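Coordinates in review
Read off the chains here:
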Amino acid sequence: EAAGGLEVDVVFVDTDYSLDMLHLVSILDSKLTLLAGADEAALRSCLSRLLFVHCYSSSQLLLTLHFLETTLSSRPALALILIDSISAFYWVDRCEGGASYTKQEEKLSRCAELLGRLLRDYRITVFATCHAIRRPGVPSSSSDSERSYLCRSWQRLVTHRLLCSRQEPGDNMAAEGGHDQEQRRQQIFTVHCTTSSSRVKASWSSSFCVTEAGFSE
Amino acid sequence: MVVLREGMCPGLDEDLLRDLRAADIKTVEDLVSSDIEGLAQKCSVSYKALFAIRRVLLAQHTAFPVSGADLYEELLSSTAILSTGNPSLDKLLDSGLYTGEITELSGGPGSGKSQVCFGVAVHISYQLKQSVIYIDTTGGLAAGRLLQMLQAETSNTEEQMEALQRIHVFRLFDVYALLDCLYSLRSGGLQQVSVGGGSVKAVIVDSVSAVISPLLGGKQNEGMSLMIQVAGALKTMAKDFNVAALVTNHVTRSGSGEVQPGLGVSWSHIPRTRILLERVEKAAAVSRPSLRSAKLIKSSRQPCHIKEEFDLQWWSRSEKGSLGKRKLDETDS
């Protein structure tokens, strides 16, 4: 808490083995050292607030979310669920569901409904990542990636949508010429956020760079 | 979807199963998501009994959460970084191939992807003395080439044979055989293979796009689903057994004419690190046809778009002099 954090328990639901734990710990470590002095015990207590779960299918995701409900009631400090990523089973579900769209989307919509109930009953926050895809048979156009392709129950659940994109390295480094050593261009990412709650419709953008110590403006 | 069967848990007998099926509850997910009170009334069973069954089934089938501290400890002790044997590539990869992750090498024909895979396999089996699983889907692997690379490392025939034995080759030509192979490796195959000497530290699939890209395109979903299943199988194997997965991919041209790795946007999220290999076009490179340039296009550890040039002949260069100094082949053969 001395470092300005919220001391909140977090559940990380991983569906595609994308959590780079070592990287996370190095960011955490550098932040703690910067703000509260190097402290092994503080790092450990922060890490113990993180619960990690891995799901290998959308059925298991559904069951795990049900299981999380009991965890939510037994750990009042739990306030954030991170799902990375909610779209990992999209293609597998579509193939399993055969020809009917309802069957294809059934598992994910059940997860979405359950999450909606957890959001209301336990007052938690949910962050989920969703990968952009290109659907086969649809001509690729730039507007494609911005439309959500997941089931309707999920789309209704989402109140804030952040669209992340990478700025292609531009000509701002033209002055460097052919020096390969100087190619440490800062990769700039932009985030465009749209909110769609019932009353307010707003949107804003921001840019950031990723460094060893996390984000920087 | 896990179908409810009798005997799955205490209390789940045939009569209850029949009543549940009549109430349209056929799978574990259905049971867990439904209203227990209403269901208990419909199936004339006590609420407590049904609730207990639900709890047991849930405990049996969910993923168990692990604390972040434990996960970190485990990762610290089990993650290893395997050098590729080529210092320029290692620099690009932030010291080498990380276990537990998928690294992708993409490039056009003749860009050297298979040669790099051979070099990595030889390096791991000879220098690091660990086993390698090499899944060849293009028919491009020739044991003679591996032997040639090993002969450049040592002239001792016994050591060469030992190193060759540590490279286990699987030749498959379609995606179902690939999935079969990966699943069987996961369920015991890896242990069997490690009995010889040195545990398996790397799984190389050359190339993964050869078996998947024929299935993509058009409006069918099966190709995409199979691709995601292959990715899942590789990642689970990499994580559970602490191996480094190296896959190769072909290239296509994007809408703006740029060269990009194949298999599309959905695959692009799968590998943690991606490298694009190209021939070097500079005038100075004409005298060195084995020169290649590698560009890092996706990495969670390094800034992207850094390039390194390296020589494909690095892995079969003539060996160090008697004084132990390394001698790089200056002239081309």
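Model, not experiment: these values are computed from the prediction.

**Description of the overall build of chain A**
A tally of helices and strands in chain A yields six helices and eight strands. Listed N to C, the secondary structure of chain A is β-α-α-β-α-β-α-α-β-α-β-β-β-β in terms of helices and strands. Split into buried and exposed, the 217 residues of chain A put 36% on the buried side. Of all intrachain contacts in chain A linking residues separated by at least 6 positions in sequence, the fraction that spans at least 24 positions is 64%. Element-wise, carbon and sulfur atoms account for 54% of the exposed surface of chain A, whose accessible area totals about 12600 Å².

**Regarding helix α12 (residues 222-241) of chain B**
All names here are of chain B. Its 20 residues place the ends of α12 28 Å apart at the C-alpha level, agreeing with the 28 Å of an ideal helix rising 1.5 Å per residue. Of all 20 residues in α12, 14 are buried, a share of seventy percent or more. Immediately downstream of α12, the backbone of Asn242 shows phi near 55°, a positive value.

**Focus on the nonpolar core**
Residues and elements named next belong to chain B. Core analysis: the largest hydrophobic core is formed by 66 residues, its most contacted members being Ile135, Leu178, Val208, Val230 and Leu234. Ranked by residues supplied to this core, first place goes to α12 with 10 residues. Apart from the residues within four sequence positions on either side, Leu234 is in contact with Ile102, Leu182, Val203, Val205, Ala245 and Val247. If you look at the next biggest cluster of nonpolar residues, it comprises 34 residues, including Leu93, Val122, Leu141 and Leu146.

**Comments concerning the confidence of the model for chain B**
All names here are of chain B. This prediction gives chain B a mean pLDDT of 83; 93% of its residues lie at or above 70. Confidence drops under a pLDDT of 50 for residues 319-333, and excluding neighbours within four residues, the segment shows 16 contacts in the predicted structure. Interface confidence for the predicted complex, expressed as ipTM, amounts to 0.80; the pTM equals 0.83.

**What to know about the domain arrangement of chain B**
Domain boundaries assigned for chain B yield domain 1 (14-61) and domain 2 (73-316). Measuring from the centre of the C-alpha atoms in domain 1 of chain B to the corresponding centre in domain 2 of chain B gives 47 Å.

**Looking at the environment of Val193 of chain B**
Residues and elements named next belong to chain B. With respect to the helices, strands and loops of the structure, Val193 is situated in helix α10 (residues 175-194). Judged by relative accessible area, Val193 falls into the buried class, the value being 15%. Each C-alpha atom of the pair Val193 and Ile133 lies 8.7 Å from the other, and the pair is 60 residues apart in sequence. Aside from chain neighbours lying at most four places away, what touches Val193 is Ile133, His168 and Val200.

**Here's the deal with the interface of chain B and chain A**
Much of the literature gives interface size as the accessible area that the parts lose upon coming together. Across the boundary between the two partners, chain B contributes 49 residues, which contact 46 residues of chain A. Where chain B abuts chain A, roughly 4300 Å² becomes buried across the two surfaces, and 62% of that area is made up of carbon and sulfur atoms. Counting the surface chain B buries against chain A, the share from its top three residues, Tyr72, Asn221 and His305 of chain B, is 13%. Run the count over chain B and chain A and you get three salt bridges. Across the salt bridge formed by Asp20 of chain A and Arg272 of chain B, the nearest N and O atoms sit 3.5 Å from each other.

**Some remarks on the sheet that holds strand β1 (residues 9-14) of chain A**
Spatially, β4(A)-β3(A)-β1(A)-β2(A)-β1(B) is the arrangement adopted by the five strands of the open sheet, whose pairing is mixed. One side of each edge strand has no neighbouring strand; the edge strands of this open sheet are β4 (125-129) of chain A together with β1 (66-67) of chain B. Pairing between strand β2 (residues 50-54) of chain A and β1 of chain B: two bridges, direction antiparallel. What sits directly across from Phe52 of chain A, in β1 of chain B, is Val66 of chain B.

**What about the pattern of salt bridges?**
Under the criterion given, the structure shown has 15 salt bridges over all chains. Note that Asp30 of chain B and Arg110 of chain A form a salt bridge whose closest N and O atoms lie 2.7 Å from each other. Placement of Asp30 of chain B in helix α2 (residues 28-33) and of Arg110 of chain A in helix α5 (residues 101-122) is noted, with the two residues assigned to different chains. Exposure remark for Asp30 of chain B: the relative accessible area of 15% places this residue in the buried category. Connected via shared salt-bridge partners are Asp20 of chain A together with Glu101 and Arg272 of chain B.

About the thresholds
Per chain, residue numbering runs from 1 following the sequence as it is written. For naming, the first written chain is A and the first written ligand is 1, with later ones following in the order written. Two thresholds apply to this predicted model, a pLDDT of at least 70 for residue-level local features and 80 or more for giving and counting side-chain atom pairs, whereas whole-chain, interface and lining totals are computed over all residues. Side-chain descriptors were evaluated using all non-hydrogen atoms of the structure, hydrogens and water having been removed beforehand. Here a strand is any run of E in DSSP of at least two residues, a helix any run of H or I of at least four, and the numbering for each starts at the N terminus. A 1.4 Å probe rolled over the protein chains alone gives each residue an accessible area, and that area as a share of the maximum for its type sets the label: buried under 20%, exposed over 50%, partly exposed in between. By definition in these notes, contact holds between two residues if any of their heavy atoms fall within 4.5 Å. What sets the accessible areas is the Shrake-Rupley method with a 1.4 Å probe; for residues, cover comes only from the shown protein chains. The span you would expect from a helix comes to 1.5 Å times its residue count less one. Put simply, buried Ala, Val, Leu, Ile, Met, Phe, Trp, Tyr and Cys residues joined by side-chain atoms within 4.5 Å make one nonpolar core. Each residue carries a pLDDT value, the predictor's own confidence for that position, ranging from 0 to 100. A domain assignment, automatic or from a database, supplies the domain bounds used here. Once two parts are brought into contact, the accessible area they lose, counted with a 1.4 Å probe and summed over both, makes up the buried area. Counted as salt bridges are all cases of a side-chain nitrogen of Lys or Arg within 4 Å of a carboxyl oxygen of Asp or Glu. Strand pairing requires that DSSP identify at least two bridges connecting the strands.

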